[in-house]
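Residue strings, one per chain:
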Amino acid sequence: MNEQYIRDRITELRLQKGVSEYKMSLDLGHSKSYIQSISSGKSLPSMLEFLYICEYLGVTPKEFFDDSHTNPALVNQIDELLLQMDRDDLDAILSVASRLIAIRNNS
């Protein structure tokens, strides 16, 4: 892991969220060029600011550094919905998910 990884990961997760550097900067309470300065390599966020960025992007710090999940914020949203379901709903979701994976693996 290096500084470029952090910059690239912020950009990747920001794009998945569908927000511009400008909007993210303002939403985090900074000048409009804050995220652009991180992405371009001019600066890096402080540890506290990194935690705010993770929260904004909908990921934990662990998920930020675990790039095996292509869209951790979406996985978190699905997880929150799953926690609200009963056993029958979960069985149905499991069946559909298993079928989709089998179809994808056979293609």
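Our structure's up above, just so we're on the same page.
Everything in this summary refers to the structure shown in the same document. Only a predicted model underlies this, so the values are computations on that prediction, with no experimental measurement involved. (Residues numbered from 1 in each chain as written. Predicted model: local features only at pLDDT ≥ 70, side-chain atom pairs only at ≥ 80, totals over all residues. Heavy atoms only, no water.)

### Some words on a nonpolar patch on the surface
Inference 1: A surface patch of nonpolar side chains, amounting to about 430 Å² of accessible area, comprises Met 47, Leu 48, Leu 51 and Tyr 52.
Inference 2: With respect to the helices and strands, Leu 51 occurs in helix α4 (residues 47-57).
Inference 3: You can call Leu 51 partly exposed: its relative accessible area is 40%. (Patch = residues over 30% accessible without salt bridge, like charges linked within 9 Å, V, L, I, M, F, W, Y side chains within 5 Å. Areas by Shrake-Rupley, 256 points an atom, 1.4 Å probe, with all protein chains shown as cover. Salt bridge = Lys/Arg side-chain N within 4 Å of Asp/Glu carboxyl O. Helix = DSSP H or I, 4+ residues; strand = E, 2+ residues; numbered from the N terminus. Buried < 20%, exposed > 50% of the residue type's maximum accessible area, 1.4 Å probe, protein only.)

### A few points about the packing of aromatic side chains
Inference 1: Evaluated as defined, the whole model comprises four aromatic pairs.
Inference 2: Between the aromatic rings of Phe 50 and Phe 64, the centroid separation amounts to 4.9 Å while the plane-to-plane angle is 90°, which identifies the pairing as edge-to-face. Taken together, the positions of Phe 50 in helix α4 and Phe 64 in helix α5 (residues 61-65) put the pair 14 residues apart, joining distant regions of the chain.
Inference 3: Here Phe 50 falls in the buried class, since its relative accessible area comes to 9%.
Inference 4: You can call Phe 64 buried: its relative accessible area is 0%.
Inference 5: An angle of 35° between the planes, with centres 5.6 Å apart, marks the rings of Phe 50 and Phe 65 as tilted. Of the two residues, Phe 50 sits in helix α4 while Phe 65 sits in helix α5, which places them 15 residues apart along the sequence.
Inference 6: Judged by its relative accessible area of 31%, Phe 65 falls in the partly exposed class.
Inference 7: Ring-pair connections join several aromatic residues into one group, and the members of that group are Tyr 5, Phe 50, Phe 64 and Phe 65.
Inference 8: Here the basic side chain of Lys 17 rests over the ring of Tyr 56, its NZ or CZ set 4.9 Å away from the ring centre. (Phe/Tyr/Trp six-rings, centres within 6.5 Å; stacked < 30°, edge-to-face > 60°. Lys NZ or Arg CZ within 6 Å of the ring centre and 35° of its normal.)

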